[in-house]
Amino acid sequence: MNNQIRTHIIKLFNSDRRLDGRKLTEYRKVDVQLNATSTAEGSARVKIGETDVIAGIKTEVMEPYPDSPSEGSIMVGVELLPLSSPDFESGPPSARAVELARIVDRGIRESKCLDFKSLCIKEGEKIWMVIIDVCIINDAGNLFDAAALAAIAALKSMRFPEYKDDKIDYKKKTDKGLELKDLPIEVTVIKIGDKFIVDADSEEEKAIDARLTVASLSDGTLCAMQKGGDFPLTDEDICKMVEIGIEKAKELRKLVK
Amino acid sequence: MAYKERLNGRKFDETRKIEAKAGVIPRADGSAMFKIGNTWAYAAVYGPRNLHPKFLQDPSKGILRCNYNMMPFSSSGDRVRPGSSRRSKEISLVTEKALLPILDLSEYPNSVVDVFIEFPQTEAGSRCAGICAAAMALADAGLAMKDLVAAVSVGRVDDKLVVDLDYNEESYEEGPVADIPIAMSPNYGKVTLLQMDGLISKEQLKKVIEMGKKACKDIYEVQKKALKDRYKI
């Protein structure tokens, strides 16, 4: 990135301002729309500023994994569609897309908000696989938080299709949804220079030194984390970033409830 | 038995409800959304930009590259596996051919114009919706064009000729069905995409293409209005 822009960004930070006028720990406008597409069993569209993503859920019935015969499971995929940014290319998922998908997956899985046993149809034989795909429509920064928020919102809106005589009838949705015991929310805190910000836009993302994605529950318990970026963090950095992450998660959680 | 009334209650020459909007993806050089009934397409244009690998470059003009892709949750049936399929490759190719005649890329040697078409939800007629969105996105990108391209599927359900078949009509079982996606350049009246699956006589074909042309003219008006709204003309 252009060093002058970086210097300018940091200079602004020192007076608690950002390129677009926001405060350091202020999100752009966040909009969550449930049931964004009718073909999915559950879906949500999340816009954070100009960042625009859709999460959709399809369900499949399959055999359980041998090590957990009475548990269903979830799968998360993220598509960095070349439609959404000049930086994305067609082809197999990039490392970035895989990292993103795995962080969203872990935020949900490790929170234990979803009882995988409730996805069992017949022990040892049939379970529900809940597949969450997040597609990026426009990448204007902070895909982590947008994708995670869309995924959990889609889960909340999901309704099982009818399953009868070993067949799924996708045309018939039941009124049975998923029971979510909590709403894990991911917040990605970014370190640039010696300042911390949330919800970095595309320009700020080019300047990051380190990022920490923090997934937390409504009582503030942490359930997943991921550090990224080329620079290391100190203990104090981590404490500060976790604190910001938990605090901001409270704001985002209200939008899904 | 005759097909007396359409299963969906529409008139035989009536399309589903159409919505269109230009400039929906800020990162793209041009973009548009086109929705017809439950089929919903987004198109984004990137370019003209450098083309790699180099051997694909044409020193006399720019090339057009289209990519049709269904989002994994966009089908009302099973999940669509991410990545390209034989079907999506073919549709990408015919989409390219449907759009190319109205584009002038002679000013952009060795470059590519990429068009990405994505569907959050589909219910029949997706390639036509994709072409409508793509044509608008190309115009939104400010590329030199002779005309827009509008597309719709026409066909036959039993003894009737119909415009814009939906899923139930495509899978009608009490009589023969033909599904004919067409695209045209509305101002020249020329057809740029023509495919057909099913059975039809040549007399019926002639008639149904006429019906399709009329529908395309109406669709063209919607596309044009969306583009004008975008630039407040």
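None of the values given here were measured: they were computed from a predicted structure. Once a new chain begins, its residue numbering starts again from 1 and follows that chain's sequence as written. To read the labels, note that chains go from A and ligands from 1, taken in the order they are written. Only residues with pLDDT of at least 70 are given local features in this predicted model, and only at 80 or more are side-chain atom pairs given and counted; all residues enter the totals for whole chains, interfaces and linings.

Now for the overall build of chain A. Each helix corresponds to a stretch of at least 4 residues labelled H or I by DSSP, and each strand to a stretch of at least 2 residues labelled E; elements are numbered beginning at the N terminus. The secondary structure content of chain A amounts to 5 helices and 12 strands. A compact globule built from 257 residues would reach a C-alpha radius of gyration of about 18 Å, and chain A, at 19 Å, matches this within 12%. Projected onto the principal axes, the alpha-carbon positions of chain A cover approximately 65 × 35 × 30 Å. Within chain A, the fraction of its 257 residues that count as buried is 44%. By definition, residue pairs are in contact when their C-beta atoms, positioned from the backbone, come within 7 Å. Residue pairs at least 24 apart in sequence account for 67% of intrachain contacts in chain A once pairs closer than 6 positions are excluded. With C-alpha atoms as the basis for the radius of gyration, the globule rule is written as 2.2 Å multiplied by the number of residues raised to the power 0.38. Residue burial here comes from a neighbour count, namely the number of other C-beta atoms, placed from the backbone, that lie within 10 Å of the residue's own C-beta, with 20 or more meaning buried, 12 or fewer meaning exposed, and in between meaning partly exposed.

This part takes up the overall build of chain B. Check the secondary structure of chain B and you find 4 helices and 10 strands. With the C-alpha coordinates of chain B rotated into their principal frame, the extents come out at 55 × 40 × 35 Å. Burial status across chain B gives 51% buried among its 233 residues. Of the contacts formed within chain B by residues at least 6 apart in sequence, a portion of 71% connects residues at least 24 apart.

The next thing to look at is the sheet that holds strand 9 (residues 185–192) of chain A. Residues and elements named next belong to chain A. Paired strands are those between which DSSP finds at least two bridges. One open sheet holds the 4 strands; their spatial order is 10-9-11-12, and the pairing between them is antiparallel. In this open sheet, the two edge strands, each paired with only one partner strand, are strand 10 (195–198) and strand 12 (222–228). When the angles between neighbouring strand axes are averaged without regard to direction, this sheet yields 20°. Summarising the sheet, strand 9 and strand 11 (residues 210–216) pair through 7 bridges and their orientation is antiparallel. Angles run from 0 to 180 degrees between N-to-C directions of axes, and those axes are lines fitted to C-alpha atoms, restricted for helices to the stretch in contact.

Residues and elements named next belong to chain B. Taking 1.5 Å as the rise per residue, helix 4 (residues 202–230) with 29 residues should run 42 Å; its terminal C-alpha atoms sit 41 Å apart, in good agreement. Residues of helix 4 that are buried include every one of V208, G212, A215, C216, I219, Y220, Q223, A226 and L227, and no others. Against the buried residues of helix 4 lie strand 1 (18–22), helix 2 (126–140), strand 6 (150–157), strand 7 (160–163) and strand 8 (177–185). Phi turns positive, to about 50°, at K232, one or two residues after helix 4. Here, expected helix span is obtained from the residue count minus one, scaled by 1.5 Å.

Time to look at the interface of chain B and chain A. In this complex, chain B contributes 22 residues to the contact, which on the side of chain A involves 30 residues. The set of elements that each furnish at least two residues to the side of chain B that touches chain A consists of strand 3 (39–50) and strand 5 (111–121) of chain B. By residue number, the principal contributor to the side of chain B that touches chain A is strand 5 of chain B, which donates 4 residues. Nonpolar residues are Ala, Val, Leu, Ile, Met, Phe, Trp, Tyr, Cys and Pro. Charged residues are Asp, Glu, Lys and Arg, and all others, Gly as well, are polar. Tallied by class, the residues present in the side of chain B that touches chain A amount to 11 nonpolar, 8 polar and 3 charged.

Here we take up helix 5 (residues 235–256) of chain A. All names here are of chain A. With 22 residues, helix 5 extends 32 Å from end C-alpha to end C-alpha; this agrees with the ideal 32 Å at 1.5 Å per step. K250 marks the point of greatest bend in helix 5, at about 25°. Of all the positions in helix 5, only M241, I244, G245, K248, A249 and L252 are classed as buried. In the core, the buried residues of helix 5 are packed alongside strand 1 (30–34), helix 3 (143–157), strand 9, strand 10 and strand 11. A residue's bend is given by the angle between axes fitted to the 7 residues ending at it and the 7 residues starting at it.

Right, let's talk about the nonpolar core for a bit. Within the largest apolar cluster, 144 residues are counted, with the highest numbers of intra-cluster contacts made by A147(A), A150(A), A151(A), A133(B), M136(B) and A151(B). For this core, the element with the highest residue contribution is helix 3 of chain A, accounting for 12 residues. If sequence neighbours within four positions are ignored, A133(B) has contacts with A32(B), M33(B), F34(B), A41(B), Y42(B), A43(B) and I117(B). Here, a nonpolar core means buried Ala, Val, Leu, Ile, Met, Phe, Trp, Tyr and Cys residues linked by C-beta atoms lying within 7 Å of one another.

A few words on the pairing of strand 11 of chain A. Two faces belong to every sheet, and in a regular strand the side chains alternate between them. Residues and elements named next belong to chain A. The buried fraction of strand 11 is high, at 6 of 7 residues. Two elements, strand 11 and strand 12, share 6 bridges in a ladder whose sense is antiparallel. Bridging from a neighbouring strand, L212 pairs with K227 of strand 12. Hairpin connection between strand 11 and strand 12: a loop of 5 residues separates the two successive antiparallel strands, and G220 in this loop has a positive phi of roughly 90°.

Before going further, it helps to spend a moment on the packing of helix 2 of chain B against helix 4 of chain B. In helix packing, the relevant descriptors are the interaxial angle and the interaxial distance, both defined with respect to the helix axes. Residue and element names in this part refer to chain B. Contact geometry of helix 2 with helix 4 gives a least axis separation of 11 Å together with a crossing angle of 35°. Judged by the sense of rotation from one axis to the other, the crossing of helix 2 with helix 4 is right-handed. Contacts between helix 2 and helix 4 involve C132, A135, M136, A139 and D140 from the former and I219, Q223, A226, L227 and R230 from the latter. Crossing handedness is read from the near helix: turned anticlockwise from the far helix by less than a right angle, it gives a left-handed crossing, and turned clockwise, a right-handed one.

On to the confidence of the model for chain B, then. Residues and elements named next belong to chain B. Per-residue confidence from the predictor is reported as pLDDT, which spans 0 to 100. Here chain B averages 95 in pLDDT, while 100% of its residues score no lower than 70. Ranking the helices and strands of chain B by mean pLDDT puts strand 2 (residues 30–36) first, with 98, and helix 3 (residues 167–170) last, with 91. The complex model carries a pTM of 0.94, and its ipTM stands at 0.91.

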